[in-house]
Amino acid sequence: QSALTQPRSVSGSPEQSATISCTGTSSDVGSYNYVSWYQQHPGKAPKLMIYDVSKRPSGVPDRFSGSKSGNTASLIISGLQPEDEADYYCCSYAGSQTWVFGGGTKLTVL
Amino acid sequence: DVQLVESGGGLVQPGGSLRLSCAASGFTFSGYWMYWVRQVPGKGLAWVSRIKYDGTYTSYADSVKGRFTVSRDNAKNTLYLQMNSLRAEDTAVYYCARDYSSVPDYWGQGTLVTVSS
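A brief report on the enclosed structure follows. (Residues numbered from 1 in each chain as written. Chains lettered and ligands numbered in written order. Predicted model: local features only at pLDDT ≥ 70, side-chain atom pairs only at ≥ 80, totals over all residues. Heavy atoms only, no water.)

Describing the overall build of chain A
The secondary structure content of chain A amounts to 0 helices and 9 strands. Taken from the N to the C terminus, the helices and strands of chain A come in the order β-β-β-β-β-β-β-β-β. For 110 residues, the compact-globule formula gives about 13 Å, and the C-alpha radius of gyration of chain A, at 13 Å, lands near that figure. With the C-alpha coordinates aligned to their principal axes, the bounding extent of chain A is approximately 40 × 25 × 25 Å. (Helix = DSSP H or I, 4+ residues; strand = E, 2+ residues; numbered from the N terminus. Rg over C-alpha atoms; globule rule 2.2 N^0.38 Å.)

Structure below.
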């Protein structure tokens, strides 16, 4: 149950795009499409932004998208807005009814 | 609206016990699997446990297996986490979350557990 690997920080200018990667193994990200992404502002609870690799819950802007290739999943945020500045976490099903999260990425909108 | 409200956190000595509760409203609690996830202040999220909608199946992270027990009372719309043999490394904010398509979707605001002498 080792944590998924995410970059510590990512930055981008308003209206540009940012991509956050999430690298796991063939036992988690590589084997299942149960990859989700969460946004967390300071002092707040996490908010689900993407599930099943690329699906958006109702109410999440279509600027947020997700993809997966092999053992690496990615969250892509296009048209960055100031309110997108937050911590982002990926999560994957890891088999045998266990889940694993990434270490988190701080997104800075310059 | 979906609401999850955790309670029961606090300061406890190493080796002690604590029971967390999560009161659910705004959805049919008895129809959903539920999670506990924790976060050390300033650090990342870590999955702790998951329980089936009827309470008949549970799973745990290796770090808490044998010490923590998840349960639920569907009549009271409440999720529980019994934490025994607490260690300093269990210090964290504990969140309950609802399951959607095998991932947590709605989360509570969390309750802080501090294990210290």
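And the narrative resumes.
Here we look at the interface of chain A and chain B
At the interface, 19 residues of chain A touch 25 residues of chain B. Buried surface at the junction of chain A and chain B, both sides included, amounts to about 1800 Å², of which 59% is carbon and sulfur. Broken down residue by residue, the surface that chain A buries against chain B is led by Gln97(A), Trp99(A) and Phe101(A), which jointly contribute 34%. Summed over the shared surface of chain A and chain B, the result is 0 salt bridges. (Contact = heavy atoms within 4.5 Å. Buried area = accessible area lost by both parts, 1.4 Å probe. Salt bridge = Lys/Arg side-chain N within 4 Å of Asp/Glu carboxyl O.)

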